Amino acid sequence: SRRRHTRYISVTGVQTCALPISAPAKINFQFPKPTKELSLANGIKAIFHKNDRWPIFHLDIQLRDASYLENSKDGILVDFLMSMLMEGTQGFSKKENVEFFGNNAAGYGFDASGAFLNCLNENYEDTFKRFFLILTKPTFPVEAFNKIKSIMIDKITDLKKDQSAV
């Protein structure tokens, strides 16, 4: 049985009744059963679900305390390190990585909450290899370090100003 809700609108001190509104229908959602499960060496359990309706693969790697990290000084350091991942990897410059992902219709990003990759199912192996190379073999070029360090110092200064205003 559904409950009926009635809304009242105050018009110059007099209450008038609007039409009754039905309660929203209960959402019946079931998480899809995994197509494949595997445990990584660090104990993280990876769950895969194949969706044949879309030729797109999405990978999202979230840090455990992402909501805390995005709004803290620790998060600024994590954001700094994740930003440095964008600057190049063993064997490939930032420009080469950007061109590779663009030519393969793939998007990727890194921030204080983690990393993500969107790509087409077609040729996904090459895209995965490059993405994981970026995650595991970054070069951290000095000029990029100095540029990003300056940006992060500004972020910390802004964070301190925001906290002192509270």
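For the structure itself, consult the block above.
Attention here is on the structure that accompanies the text. Because the structure is a prediction, the values reported are computed rather than measured. (Residues numbered from 1 in each chain as written. Predicted model: local features only at pLDDT ≥ 70, side-chain atom pairs only at ≥ 80, totals over all residues. Heavy atoms only, no water.)

## Brief notes about the sheet that holds strand β7 (residues 56-62)
With antiparallel pairing, 3 strands are arranged side by side in an open sheet as β7-β11-β10. The open sheet terminates on both sides in strands that have one partner only, identified here as β7 and β10 (107-111). The mean inter-strand angle of the sheet, taken between neighbouring strand axes irrespective of direction, is 5°. Note: β7 against strand β11 (residues 114-120), 7 bridges, orientation antiparallel. In the sheet register, I56 faces β11, and the bridge partner there is L120. The strands touched by helix α4 (residues 124-136) are β7, β10 and β11; relative to β11, the strand with the most contacts, the crossing angle is about 160°. (Pairing = 2+ DSSP bridges. Helix = DSSP H or I, 4+ residues; strand = E, 2+ residues; numbered from the N terminus. Axes fitted to C-alpha atoms, helices over the stretch in contact; angles between N-to-C directions. Contact = heavy atoms within 4.5 Å.)

## Focus on a nonpolar patch on the surface
Taken together, L38, L40 and I44 make up a surface patch of nonpolar side chains, about 230 Å² in accessible area. As for its position among the elements, I44 is in the loop between β5 (36-39) and β6 (45-48). Residue I44 is classed as partly exposed on the basis of its relative accessible area, which comes to 46%. (Patch = residues over 30% accessible without salt bridge, like charges linked within 9 Å, V, L, I, M, F, W, Y side chains within 5 Å. Areas by Shrake-Rupley, 256 points an atom, 1.4 Å probe, with all protein chains shown as cover. Salt bridge = Lys/Arg side-chain N within 4 Å of Asp/Glu carboxyl O. Buried < 20%, exposed > 50% of the residue type's maximum accessible area, 1.4 Å probe, protein only.)

## Structural notes on the pattern of salt bridges
A side chain of one charge can pair with a side chain of the opposite charge if their charged atoms are brought near each other. A complete count under the given rule lists 3 salt bridges for this structure. Note that K147 is salt-bridged to E87, the shortest N-O span being 3.9 Å. You can see K147 sitting in helix α5 (residues 142-165) and its partner E87 sitting in the loop between α2 (73-85) and β8 (88-89), a full 60 residues away along the chain. On the basis of relative accessibility, which here comes to 44%, the residue K147 falls in the partly exposed class. In this structure, E99 engages K95 in a salt bridge whose closest nitrogen and oxygen atoms are separated by 3.6 Å. Remark: K95 and E99 occur in helix α3 (residues 94-103); sequence separation between them is 4 residues, near one turn of the helix. When its relative accessible area of 41% is taken as the criterion, E99 is described as partly exposed. Given the relative accessible area of 59%, K95 is considered exposed. Each member of the salt-bridge network shares a partner with another, and the members are E87, K94 and K147.

## Examining the packing of α3 against α4
Close contact between α3 and α4 brings their axes to 11 Å; oriented N to C, the two are set at 150°. Our classification of the angle between α3 and α4 gives roughly antiparallel. α3 and α4 meet at a crossing whose hand is left-handed. Judged by residue contacts, E96, N97, F100 and F101 of α3 engage D126, T127, R130, F131 and I134 from α4. (Parallel < 35°, antiparallel > 145°, perpendicular 65-115°, else oblique. Left-handed = near helix turned anticlockwise from the far one by under 90°.)

None of this, on its own, says anything about what the molecule does.
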